Amino acid sequence: IEDALAALEYKPADYGTVDAAVAKAEALDRSLYTDESLAELDAALGAVVRDKNITEQQAVNDMADAIEDALAALEYTPADYSAVDDALAKIPADLSGYTAESAAAVEAARDAVDRTLTADRQGEVDAMAEAIEAALAALEEVPAPKPEQVAGDKGDLPATGDPTVLLAPALGLVGGAVLLARRRVA
């Protein structure tokens, strides 16, 4: 009997919670997180020992908790704002040559940039860049004034292409020719 008792072995510990935590860690997009926080996770993953028996179940549970804690402490890297910066660089320094509405849309898109977002919200940052680009594409220049608007307060100058522009000199020539003809007759 003593030999039989000595041959008895404990059941292996239950690694279900460890396996679940490891699966979460392996499913991560590691490019979203800082190197420092990933190092903590890697340390917790590296501390897993797979030969524990049922009498050491608490140590196995502690391994799972360490992985879960490291997962919860992961820090995101900052979002990539290069597309936003490129779009912002295209905004004219002076928007006074554009319609008020289109200039206001550009200013609103510029002012909506939030530089606090992290890599997990990259889509929002990309949308900011797209909004700026769309507002720039929709910029409308203020129309050039028409000649009759430039003529003066009273509109006393005729517009280009106005046939009456030619009428005054022609009448002057006709009137002068008539006067010359009368002098010759007299």
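Residues numbered from 1 in each chain as written. Predicted model: local features only at pLDDT ≥ 70, side-chain atom pairs only at ≥ 80, totals over all residues. Heavy atoms only, no water.

Looking at the overall build of the chain
From N to C terminus, the chain includes nine helices and zero strands. Beginning at the N terminus, the succession of helices and strands in the chain can be written as α-α-α-α-α-α-α-α-α. For the chain, the proportion of its 186 residues judged to be buried stands at 25%. Across the chain, contacts joining residues at least 24 apart in sequence account for 77% of those joining residues at least 6 apart. (Helix = DSSP H or I, 4+ residues; strand = E, 2+ residues; numbered from the N terminus. Buried < 20%, exposed > 50% of the residue type's maximum accessible area, 1.4 Å probe, protein only. Contact = heavy atoms within 4.5 Å.)

A look at the side chain of asparagine 53
Relative to the elements of secondary structure, asparagine 53 occurs in the loop between α3 (35-46) and α4 (57-72). Apart from the residues within four sequence positions on either side, asparagine 53 is in contact with Tyr10, Lys11, Pro12 and Ala13.

Let's talk about helix α7 (residues 122-137)
Across its 16 residues, α7 extends 23 Å between first and last C-alpha, which sits within 8% of the 22 Å expected from 1.5 Å per residue. Here α7 has its buried residues at Gln122, Val125, Met128, Ala129, Ile132, Ala135 and Leu136. Looking straight down α7, one finds its buried side chains confined to an arc of 155 degrees; they lie on one side. Of the exposed residues in α7, the ones pointing more than 90 degrees away from its buried face are Gly123, Glu130 and Ala137. Of the surrounding elements, those touching the buried residues of α7 are α5 (82-89) and α6 (100-111). (Expected span 1.5 Å × (residues − 1). Arc of directions from axis to C-beta.)

Notes on a nonpolar patch on the surface
A cluster of nonpolar side chains, Ile1, Leu5 and Leu8, forms an exposed patch at the surface whose accessible area comes to about 400 Å². With respect to the helices, strands and loops of the structure, leucine 5 is situated in helix α1 (residues 2-7). (Patch = residues over 30% accessible without salt bridge, like charges linked within 9 Å, V, L, I, M, F, W, Y side chains within 5 Å. Areas by Shrake-Rupley, 256 points an atom, 1.4 Å probe, with all protein chains shown as cover. Salt bridge = Lys/Arg side-chain N within 4 Å of Asp/Glu carboxyl O.)

Thoughts on the packing of aromatic side chains
Enumeration over the complete set of coordinates arrives at one aromatic pair. Look at tyrosine 33 and tyrosine 76: their rings are 4.8 Å apart centre to centre, the planes differ by 25 degrees, and that puts the pair in the stacked class. In this pair, tyrosine 33 is assigned in the loop between α2 (16-26) and α3 and tyrosine 76 in the loop between α4 and α5, connecting sequence segments 43 residues apart. On the basis of relative accessible area, tyrosine 76 is assigned to the partly exposed category, the value being 34%. (Phe/Tyr/Trp six-rings, centres within 6.5 Å; stacked < 30°, edge-to-face > 60°.)

Focus on the pattern of salt bridges
The tally for this structure, following the rule as stated, stands at eight salt bridges. One salt bridge in this structure joins aspartate 42 and arginine 30, with 2.8 Å as the shortest N-O distance. You can see aspartate 42 sitting in helix α3 and its partner arginine 30 sitting in the loop between α2 and α3, a full twelve residues away along the chain. A salt bridge links lysine 52 to glutamate 56, with the nearest nitrogen and oxygen atoms 3.7 Å apart. Residue classification places glutamate 56 among the partly exposed positions, given a relative accessible area of 29%.

Notes on the packing of α2 against α4
Relative to each other, α2 and α4 sit at 20 degrees, their axes nearing to 8 Å. Taken together, the axes of α2 and α4 are roughly parallel relative to one another. Seen along the crossing, α2 lies across α4 with a hand that is left-handed. Along the contact surface, α2 presents Thr17, Val18, Ala21, Val22, Lys24 and Ala25, while α4 presents Val60, Asn61, Met63, Ala64, Ile67, Glu68 and Leu71. The class makeup of the residues in the contact of α2 with α4 is nine nonpolar, two polar and two charged. (Axes fitted to C-alpha atoms, helices over the stretch in contact; angles between N-to-C directions. Parallel < 35°, antiparallel > 145°, perpendicular 65-115°, else oblique. Left-handed = near helix turned anticlockwise from the far one by under 90°. Nonpolar A, V, L, I, M, F, W, Y, C, P; charged D, E, K, R; others polar.)

Some points on the side chain of threonine 77
Among the secondary structure elements, threonine 77 is positioned in the loop between α4 and α5. For threonine 77, the contacting residues outside a window of four places in its chain are Ser31, Leu32, Tyr33, Thr34, Thr118 and Ala119.

What about the confidence of the model for the chain?
Confidence in the prediction of the chain, expressed as mean pLDDT, is 87, and 78% of residues score 70 or more. A low-confidence stretch, residues 177-181 (pLDDT under 50), is modelled with zero contacts involving residues beyond four sequence positions or located in other chains. (pLDDT = per-residue confidence, 0-100.)

What to know about the environment of tyrosine 81
Inspection of the secondary structure assignment puts tyrosine 81 in the loop between α4 and α5. For tyrosine 81, a relative accessible area of 9% translates into the label buried. In the structure, tyrosine 81 is positioned 32 residues away from valine 113 in sequence and 9.7 Å away in space, judged by C-alpha atoms. If we skip the residues at most four places from it in the chain, tyrosine 81 touches Val113, Asp114, Arg115, Thr116, Leu117 and Val125.

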